[in-house]
Amino acid sequence: MLRTENVHFRKTNKNTVVKRVREVYLRQDIPCLSSQCLLEPQCHQRVKVESSLLSTDTPYFLIPDYSVALRYVELLEQEELTNIIFTETILQRLQNEDKSRTYKSLRQVAKDPRRRSIVFSNEHCEGVSVAREPSETLEHRDWRALVKVAQWYRRHLKQSVPVILLSEQFTQQDCGTDVDAAVTVMSLKEYLDQYWPSSAVLHELLGSLKEAILEEDLISQSQDSVVSKKTASTGYQEYKPMSELEAGVKSERFFQGVMRVRANHRDQAFIRGDSNIGEIVIVGPENRNRAVHGDIVVVELLNKASWVAPSTHISYNPEEIHTAGDDDEEVSNQHHLREIKPTGRVVGIISRNWQPYVATLQEGSEKDSGSFHLVLPLNAVIPKIRIRHHDAKVLANQRIVVRIDSWPINSQYPNGHYVRSLGPAHNLDTEISAILIEHGISVSQTTQGFSDGSLKEMPINTPEKPWRPEPAELTKRRDLRKHTVFSIDPPNCQDIDDAISIREIGGQIEFGVHIADVSYFVKENSLTDLEARARGTTVYLSDRRFDMLPKVLSEQICSLRHHVDRYAMSVMWTLDSEANVLSTWFGRSIIRSACEMEYEQAQGLLNGKDVVPGVDAKLCKTLKPAVVLLAQTMRKVRARRMASGGLELESSEVKFKFKEEDGGISDILPKQPLEVHQIIEEAMVMANSYVAKRIYDGFRESAMLRHHPPPIESHFKMLLRAAESRGFTIDTSSNLALATSLRDCANKSSDDIEFIKLLKTMATMAMSEASYISSGSKPVNEYAHYGLALEFYTHFTSPIRRYADVVVHRQLMACLLGTTPGEKTASAPASDLLKNGSKMEQVADHLNYKNRESKLAQKDSTELFQTLYILQKTRKPGQENSVDDDDDDDEVPFTETGIISEIRENGFFVFVPRFGIKGPVYLKEKSGDISVPLSALQEPAVAKARSGAGNNKDHLTLIHRCQMDTDLMTQISVKVPQEALVAHQGLSKTLQLRLFDKVKVALRLKKSHAHRHSIYMTLIGLDHEGIASTSLRATAPRVAPGRRLVGNNKQDEVKRIAEQDPALAPFTERELIQGIQAGEGEDQKKKKKGGAKRVVDPEELYHQTRPEASLYSLIDAFDRFRIIEQSS
Amino acid sequence: MSRVELLSPEGLRVDGRRPEELRKITSTTAVLSQADGSAYLEHGNTKVLAAVYGPREARHRALVLHDRAILNVEFNVAPFSTGERRRRTKNDKRLLEMASFVKQTFEPVVITTLYPRSQIDIYLQIIQHDGGTLQACINAATMALIDAGIAMTDYVCACTAGWVEREPALDLNHIEESSDTSEVTIAMLPKSGKVTLVQMESRLHVDKLEDVLSLAGKGCKHIHQVIDKTIRDRAEELARKMAV
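Just so it is clear, the structure is predicted and the values come from calculations on it, not from any experiment. (Residues numbered from 1 in each chain as written. Chains lettered and ligands numbered in written order. Predicted model: local features only at pLDDT ≥ 70, side-chain atom pairs only at ≥ 80, totals over all residues. Heavy atoms only, no water.)

**Student:** Outline the packing of aromatic side chains, listing residues and values.
**Tutor:** All names here are of chain A. Going through the model one piece at a time under the given rule, you end up with 20 aromatic pairs over all chains. Seen from their ring centres, Phe 61 and Tyr 153 are 6.0 Å apart, and the 70 degrees between their planes marks the pair as edge-to-face. One end of the pair, Phe 61, is in strand β3 (residues 61-64); the other, Tyr 153, is in helix α5 (residues 138-156), with 92 residues separating them in the sequence. For the pair Phe 61 and Tyr 153, one class covers both residues: buried. Look at Tyr 783 and Phe 792: their rings are 6.2 Å apart centre to centre, the planes differ by 50 degrees, and that puts the pair in the tilted class. Owing to a relative accessible area of 3%, Tyr 783 belongs among the buried residues under this scheme. Each member of the aromatic cluster is reached from another via a ring pair, and the members are Phe 61, Phe 120, Trp 152 and Tyr 153. (Phe/Tyr/Trp six-rings, centres within 6.5 Å; stacked < 30°, edge-to-face > 60°. Helix = DSSP H or I, 4+ residues; strand = E, 2+ residues; numbered from the N terminus. Buried < 20%, exposed > 50% of the residue type's maximum accessible area, 1.4 Å probe, protein only.)

**Student:** Run through the side chain of Asp171(B), naming residues and quoting values.
**Tutor:** All names here are of chain B. Relative to the helices and strands, Asp 171 is located in the loop between β7 (167-170) and α3 (174-178). One polar contact links the side chain of Asp 171 to the main-chain amide nitrogen of Arg 23, over a distance of 2.8 Å. When near neighbours in sequence (up to four residues on either side) are disregarded, Asp 171 contacts Arg 13, Arg 17, Glu 21, Leu 22, Arg 23, His 43, Gln 135, Thr 160, Ala 161 and Glu 176. (Polar contact = N/O pair within 3.5 Å; in protein donor to acceptor, adjacent residues only side chain to side chain. Contact = heavy atoms within 4.5 Å.)

**Student:** Before we move on, could you go through the interface of chain A and chain B and cite the residues and values that matter?
**Tutor:** Taken together, the contact between chain A and chain B spans 30 residues of the former and 27 residues of the latter. Here chain A packs against chain B, burying approximately 2,400 Å² in sum over the two surfaces, 42% of which is carbon and sulfur. Summed over the three residues of chain A that lose the most area to chain B, namely Glu23(A), Tyr25(A) and Arg27(A), the buried surface amounts to 22% of that side. If you look at where chain A meets chain B, you find four salt bridges. Across the salt bridge formed by Arg18(B) and Asp29(A), the nearest N and O atoms sit 3.1 Å from each other. The tally of links between chain A and chain B comes to eight residue pairs in polar contact (both at pLDDT 80 or more). For the side of chain A that touches chain B, the secondary structure elements donating two or more residues are β1 (2-11), β2 (17-26), α4 (100-111) and α9 (242-250) of chain A. Here the side of chain A that touches chain B gets seven residues from one element, more than from any other, and that element is β2(A). (Buried area = accessible area lost by both parts, 1.4 Å probe. Salt bridge = Lys/Arg side-chain N within 4 Å of Asp/Glu carboxyl O.)

Structural data, given as structure tokens:
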């Protein structure tokens, strides 16, 4: 090892110049990391490396220089470019110049095993490192270093592979001539022309990147001309220097946090300060001072006189707020009554979190001749972005991907550049790829492509050569093939990852949960494993899914299908008759599932049926006692967990039914909870918690656990107020207290299912987010799971679709094979990753991120399909291509009953349980006029009389100039002006709307050019039969699975829709009712008998249909798409 | 401000070493003719001069022990040793602490009972500072003691190891030390494997301690070889001179 010194001078904070001396050791063992290395053994085999290798069959290696790395990172990020050698020279320089974002992107590329790119530590490699000569510029030294690297590679590999140096700054002349190590220098343009002449994406990207204005350009500009320091036009201010910010944050003069823009009111952003100050509001673009949603910012508080309360408006228009903070005075006028929050101003930015954004060109902008255009990001919390593109016509009405480059002080909007186009706006595929991009779901995941390398690792399973367990493996596993194992899943489930067995032996119960043994097939650090880790989770969208593992594993070999032998990881308990655990066994096993049951079939068996459709009668006989025993046991376990504070929470999930012919949506079904869901969930929770405890014993500092921190008290405000309005008090002091008071509410108002549902949803929203942690990274008292009331919890039961479970499986295996828990031995089979707390923490963070994004993507896709459904429903037949037709009068009214879930200052939100849609109802127009439809004001008696007269248009007649009053977020009252009372007789003077009132609304679609269409609603009237209809539903809950009937006039409308557009309503309700009522009579009888034990029969509680009478069997016929449902 | 990456994903530290590698050590003995024994040691960029006087008559009568010698250690850091010039007072607690560490390290190793009623002075001077001063001081002191011909049961070799980002790393330099890494210094008798000093800065998880300690132990063995070679070379040179 050669030792040299790196001497340089540096200015310190105190403005003194200090000489820094650093040692540099030059090594001989820096590997070339090329799989073509000619040495024997190859040089990367002599040292421990964790890196991918440059591939064998590449025509050339690429070495980008600093100018390329800085400006064209995105080009280097493109998956087409492989075999890139990143030199330490450019990486160090990026770090020194504080370009950590670029640095991280390059590291990411090098880390991705699919890219075959490496980092070469040339600065520490003997014979390659270059010392800076006196009076030589840094650029030239770095360039010489790169040339040296290129030449070294040529020599090292005996000139077998050409090396291309990519530079925008230097040319071939600057390279010098070396006969036996000739290096090619190319600019990016030359390179793309020569090697990727047909790839339009790369060329376009290069073009737009060239035009992008980066922050360093701004710096150099401002250095050139220090004139226009303060431009009054934008109102932005210069950021304070970093040292001042850091000092300010430490002295608590400033506050630091992630800035988030409110989605419902884009003029306001906030950061979470520390616990003393809570949330800090930032109002208006001037105060936001060029920070973008997601950036880590430093905020200075304004003086108390200008503090405001957060707005409670529902914003009218996604585009509106972008213009400027013109409604500031209005805001301050209105809010003096309400709770004032600390308000601040951004004075500096710690780090930017700019991502690729999906955007649309501003309408009409394509006609402008200039090359600068404004684009509206799809995500409304992101400001408009200024991009440069030579031909805007191409981009019109397209969804495009845009990145932000910089935000100069004198510019209203940030500068960005165009990356690529996704396709025409409002096209289903475009919108879905937009969702995927917004949530960072990688391209390789969306194309479903697994690399050839990872597919080669897969075991073979073809019809001719079905996969069979190996005899050698059989001896190592516990043979559970004699046990009756069954799985319960949603219909058509392909990736079955859990199965259950239960039996009674001599007064004791032997209960087993068997999980697909993915970790056996996916070896750690194999290509499949790396790919799965990168993907993190299987992403389920409403109409498709993106797998984490290749199909051959997820649907065949790992999936616990029936009648075949499958490897499993099992947890077996011995329970006494009171379901107390006597002993636990973990281990690998082999099972043969007897039956793939569906939830509804299992529920059927549980309800006392001897035979259920789809399951063989003989099998039913063996399964039935098992299911019943399972239910009994799990009820006890659940009751015990509930007693210790487990919460029963709710969220409104829906499923979509698709029409076979054109992929249209035929119906939206709310997810129907059955008792079996709870039972399976409980079994999984039990398995998860036992495994969590076990791996924590084995890996004190690196166990992958899932924790759920207790919620922040202030988040309960809405829930408390909501409950108060109904006269309930809710105790949120602990999870047990919360669970008890929620249950209390539920018992007292058991006739109003929607109210309870909504209350539980509110409670769910108040919860903190559960996340994966590595046990070493948090103190022990933070491991607990608040929602489930468990001390230890992890994810173990779905390894096919969650990577965390795979890690947990490996840790469990390592625990079982290792020695006594807690003791670390060198021979422990755990790999470095499993033992290393900080690495595990990284994995956990990555998985948390992936999980959150996949959930958000799922939510977005649900909303997308809901709007599509509304679009179908409101469009008149024969107007198929009237997307840009904005005329509201042409719409077919589509009315539903909803429940008021949130009251705001200018309207309220209505939740329509039927479709799981929540949308705003505006009472006050943007102009300030308050209007209410006539139908809402009519006395019930009048309304009934009038609706009896047939088609009336009352709901279209608006009463204007009303007065509105709201209080405490629980009710709105609207006063009707005198003249209206005269004009229409039989009007009540005021309209009272309270939280949880049932209302009739018409669902409408706000068409938007730049954003997704959004659903809003107009009030039609109070649901006068609200109470009546509840009781109606209680007695005949399944009358309208297709559509609920509210009043007679409703039926007329429904009928009209059905007549006008038969294709949209494949089953009129009469058909449905007929179909269903046949099976219903007997159900009702049975229910009366069986309902003695529980206060509310589960079926009644959840409007549950009998399996054989359910929509499943009716719609099975055209269930082309898989129904996706999140279980356990 | 981005934090310095102390350990790159390629497994190299800031100065290009791997985690288990020492810095370059060069040493000579008998550099001062005035002192009874002296040594100069460069440990990377940390440079230490050690001088041993004694055994000689104790300066203060009151301190004299009738059955053995007393050890006196003085430790000093040159104001020019770091990039920024800084003068320390003689009573700097940090310096006194360091001196007492050295003293405690050597008390069980030097066979003081051979020199009753006397005093052995060890003067340590840091000339250049780049992390790991304690280990360098102890190593230099060992060499100076041997050079002075004072009876010891064994060499004393000291070495630091710390937890850098995700791995135990040997022999931290100044950059690594200053970014709040936990650091353990141990002094060891390489032949018997006995440890005479363990000192730790900042916090370290107890599960990591064993890894760090064993790495530091390995470092000590390695340093022993380097020091031993210098001593033997010096002895050979002396022997040659005497033969002439």
